[in-house]
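# What the coordinates show
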Amino acid sequence: MKKIHNYLMAIGLLLATACEKRELPENPTIVSPINALVLNVNGIDYTATPFLKDGALADTLKLNVQRPSATAVVKRISLTNNSKADIESGASILFTNNVAAINITNAQGAVKKHFLKMIFTPPPMMYVPLSNESYTVRPATTQTIASGNYDTKFEGYIEFKASWAGFYLVTNATPAVRYGVNAGFDSGTTHTLQVTTSAAPWGDWGTNGYWKFNYNADTRELTLLKTDWALSGSATGNEVKNMTYVPATKTWSLTATLTAGTFKFNSLNTPAIVYGDTVSGTNSGTLTSGGNSITIASSGSYTITLSLSKPPYYAYTIVKQ
């Protein structure tokens, strides 16, 4: 009887232990050092949420926004375990390639970098297939115009590599709709396009060049402007420094001696187009119409590049030689 009693006791202990194990939480709570983070982007408040990686919290938070921006303003930040951040409520955060960094210092003094990734739906766009491309849309290579405000106003820069070129505007939809007009085009002209399968706008011997497209999808009016680019300002001695287009990189480039001061990018046509930095007081590398002056901190030789090939996100780089 004693052996049977001991045997039953052993089974009881095993069952009790198994029950205790099953009562343990299967997914223990994972605590992020950033308890809450609310940011304002383009006048709208958004809450950042953590990414999960292999079942654990990643060091990156995602910020889903309607429309991207180079900056965001911190409306609220809350940290756990007596951690401290290098930003606080009211601070402005700069995003580079839609990513911003936050340094978090824990209670023991260790610093770890965390990231914010801005996620958004790409803006509406239209393809611009050219006559030398057989008017065929190839999504990976066909040039585009886009609506930066997510409305019916599209713009972009189209490179024509040949004279006597033609083009269509084609929607990014299924089925696609093709717009054109049976008319020639020149710099400064405006045409009202129509749904068509055969009437493509065409240019003369001077078509080859870099053209600004402005298209209103409500009125179907398309305005074309042939452009060349330069930079000017106190950093250039208030002289106009012409830039050269580099087809291999689809950028405009200039290497020149500049002085401490500021500059903006200017088109060499009428009416002139001016681009400056999207952020005041810092060289963010992103551009907007008008914009803020771009700073050259010290005199020297610099290579400046201007990229207009990915509308509506225009950008620039500054490299000191």
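Notes on the structure in this doc start here. (Residues numbered from 1 in each chain as written. Predicted model: local features only at pLDDT ≥ 70, side-chain atom pairs only at ≥ 80, totals over all residues. Heavy atoms only, no water.)

### As for the overall build of the chain
Helix and strand content of the chain: one helix and 28 strands. Taking 321 residues into account, the globule formula puts the C-alpha radius of gyration at 20 Å, and the chain, at 28 Å, lies well above it. Its C-alpha atoms put the chain at 110 × 55 × 35 Å along the principal axes. Taking all 321 residues of the chain together, the buried fraction comes to 37%. (Helix = DSSP H or I, 4+ residues; strand = E, 2+ residues; numbered from the N terminus. Rg over C-alpha atoms; globule rule 2.2 N^0.38 Å. Buried < 20%, exposed > 50% of the residue type's maximum accessible area, 1.4 Å probe, protein only.)

### Describing the environment of Phe115
Within the secondary structure, Phe115 sits in strand β9 (residues 111-119). Classification of Phe115 as partly exposed rests on a relative accessible area of 28%. For the pair Phe115 and Gln143, spaced 28 residues apart in the sequence, the C-alpha separation amounts to 32 Å. Those residues in contact with Phe115 that sit more than four places away from it in its chain are Asp59, Thr60, Leu61, Val99, Ala100 and Ala101. (Contact = heavy atoms within 4.5 Å.)

### Description of the side chain of Thr303
Of note, Thr303 is situated in strand β27 (residues 300-307). Reaching out from Thr303, the side chain makes a polar contact with the side chain of Thr255 at a distance of 2.8 Å. Polar side-chain contacts of Thr303 include one of 2.8 Å to the side chain of Gln321. Among residues more than four places away in sequence, those in contact with Thr303 are Ser253, Leu254, Thr255, Thr317, Ile318, Val319 and Gln321. (Polar contact = N/O pair within 3.5 Å; in protein donor to acceptor, adjacent residues only side chain to side chain.)

### What about the sheet that holds strand β21 (residues 244-246)?
The four strands are arranged β21-β22-β27-β28 in an open sheet whose pairing can be described as antiparallel. Every interior strand has two partners, whereas the edge strands, β21 and β28 (315-320), have only one. Each strand of the sheet is rotated relative to its neighbour by a mean of 25°, with strand direction disregarded. Where β27 and β28 come together, six bridges link them in antiparallel fashion. Of the residues in β28, the one forming a bridge with Thr305 is Thr317. (Pairing = 2+ DSSP bridges. Axes fitted to C-alpha atoms, helices over the stretch in contact; angles between N-to-C directions.)

### Section: the side chain of Gln143
Mapped onto the fold, Gln143 is located in the loop between β10 (125-127) and β11 (144-146). Given a relative accessible area of 18%, Gln143 falls into the buried group. There is a polar contact of 2.8 Å between the side chain of Gln143 and the backbone nitrogen of Glu159. When residues no more than four places from it in sequence are discounted, the contact partners of Gln143 are Met126, Tyr127, Val128, Leu130, Tyr157, Ile158 and Glu159.

From the geometry alone we can't say anything about function, so treat these as descriptive.
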